[in-house]
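# Report on the structure
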Amino acid sequence: MAAIIRKKFADPSNASSESGGAAAEVTSLILDNREFVMILTTTVAVLIGCVVVLVWRRSSSPKRSYQPPTPLVVKKKEEDVVVDDGKKKITVFYGTQTGTAEGFAKALAEEAKARYEKAVFKVVDMDDYAGDDDEYEEKFKKESIAFFFLATYGDGEPTDNAARFYKWFTEGKEARGEWLKMNYGVFGLGNKQYEHFNTVLKSVLRWVPCPGGKRIAPVGLGDDDQCMEDDFSAWKELVWPELDGLLLDEDDQSSATTPYTAAVLEYRVVFYDSTDAPVEDKSWSGANGHAVYDAQHPCRSNVAVRKELHTPLSDRSCTHLKFDIAGTGLSYETGDHVGVYSENVEEVVEEALQLLGLSPDTYFSVHSNKEDGTPLSGSSLPTPFPPCTLRTALTRYADLLNAPKKSALLALAAHATDPTEADRLRYLASPAGKVLISDTRL
Ligand SMILES: Cc1cc2nc3c(=O)[nH]c(=O)nc-3n(C[C@H](O)[C@H](O)[C@H](O)COP(=O)(O)O)c2cc1C
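We now turn to the structure provided with this report. Predicted model only: the values in this text are computed from it and were never measured.

### Regarding the overall build of the protein chain
If you tally the helices and strands in the protein chain, you get 14 helices and 14 strands. Looking at the 442 residues of the protein chain, the share that counts as buried comes to 46%. Summing over all exposed atoms, the protein chain offers an accessible surface of approximately 23000 Å²; the carbon and sulfur share of this is 52%.

### Here's the deal with the pairing of strand S5 (residues 145–153)
Burial within S5 is extensive, with eight of its nine residues counted as buried. In the sheet, strand S3 (residues 88–95) pairs with S5 via six bridges, with the strands oriented parallel. Along S5, the bridge assignment pairs tyrosine 94 with phenylalanine 149. Across seven bridges, S5 lies against strand S7 (residues 183–190) in parallel orientation. Residue pairing for S7: phenylalanine 148 is matched across the bridge by valine 186. Bridge analysis of S5 against strand S6 (residues 157–158) gives two bridges, and the strand direction is antiparallel.

### Here's the deal with the packing of helix H5 (residues 133–140) against helix H6 (residues 163–171)
Where H5 contacts H6, the two axes come as close as 10 Å, and the packing angle between them is 80°. By the angle between their axes, H5 is roughly perpendicular relative to H6. Note on element contacts: H6 touches H5 through Arg164, Phe165 and Trp168, opposite Asp133, Tyr136, Glu137 and Phe140. Each residue belonging to the contact of H5 with H6 can be placed in one class, and the counts come to four nonpolar, no polar and three charged.

Calculation notes
Residues numbered from 1 in each chain as written. Predicted model: local features only at pLDDT ≥ 70, side-chain atom pairs only at ≥ 80, totals over all residues. Heavy atoms only, no water. Helix = DSSP H or I, 4+ residues; strand = E, 2+ residues; numbered from the N terminus. Buried < 20%, exposed > 50% of the residue type's maximum accessible area, 1.4 Å probe, protein only. Areas by Shrake-Rupley, 256 points an atom, 1.4 Å probe, with all protein chains shown as cover. Pairing = 2+ DSSP bridges. Axes fitted to C-alpha atoms, helices over the stretch in contact; angles between N-to-C directions. Parallel < 35°, antiparallel > 145°, perpendicular 65-115°, else oblique. Contact = heavy atoms within 4.5 Å. Nonpolar A, V, L, I, M, F, W, Y, C, P; charged D, E, K, R; others polar.

The values reported here are purely geometric and, on their own, carry no functional implication.
In structure tokens form, the structure reads like this:
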């Protein structure tokens, strides 16, 4: 995913007013390197390295004292009020863990709005749709056209925000087809490297040969192992002719196209005086001496036992690990989740810092909402990482070694001040550029 950093980059005077002259200098440096910073601030969670930390699902702990300066926005439940203005209503649902499905859902809706002015498109988080099972049924019955973007995780499991829907839908499978009379389009997000490729979407589909409804376009099966964005683009092209038939009158013409924007999220960046950096930013907390752990404040622990479970004759590998959590106050029960956080190696981080030309101590935070707390670009995702120094961001949160996604390249091209660089970025986002990237391992 990619971010377009607004506000502070767009208006250096703002940065000065908040952080003084030093911040203005930093902002100017960042302006010169904005493409790189944009990639860094948006690629989260896929890291290489060796630091192992544990986060237990049940470690219910209060937040630590340092909080981002802007208030959290409590998500409002979707309004049920349906205005009968004669326009056709289309709902685009998404089940996401890291935002890709949400990005695709929004991209589809945005392009569709431009194409079909007489229709109303609404993008809905699966979790926000219904409060209980009865409400699911009641509301789905009123849908006439819907799209579902559903990602698969784990052993073919749904995302957290689609889990309730998935349980309700698949458990009541026999009954669903009787009342589900909508026209529906489906795109699954998965990865062929996993045994249960796109299982969530396939399971849902097994129960959706609804007699009264019709599937719009073939099933889309996105494969993150290749280029999911290409899968999405190809699927979208199959959707439009079908939607033309459903949404256009005889005298309407569908010609509008919008640029590809899937999965491009926007963030607001705030710079702070580096002396504000809390101590814990410098290193993750040790196993002892830290009272509070949660996903943002993981606990560092050592690997006590590491054992290969397969014999040398096997062509597979399965590692048994035991973590030493003595003295942490944490407990573990079978079925609890353990998250493994890892760091980029120091040399790679140093190289990135040199390319950026910024002080490693630059202290900043990224926000998915505006200063008044309202979401930027309607995203419901939380901020990707807590306030930290640039070195920490590059070490822990930036994906420094994978090639950027097509959407990130196009977002950067849209913001490039040098036309030659913009052309180059657009070329890299094209099929020919993709080959170049994979050949040269950029
Ligand atoms: C920890 C993890 C587990 C995954 N498990 C599966 C899986 O079992 N089957 C599958 O098809 N894809 C699997 N994927 C791939 C994701 O579905 C894919 O990356 C998708 O684009 C994520 O969408 P999201 O960003 O909307 O959450 C997994 C990805 C991760 C990171």
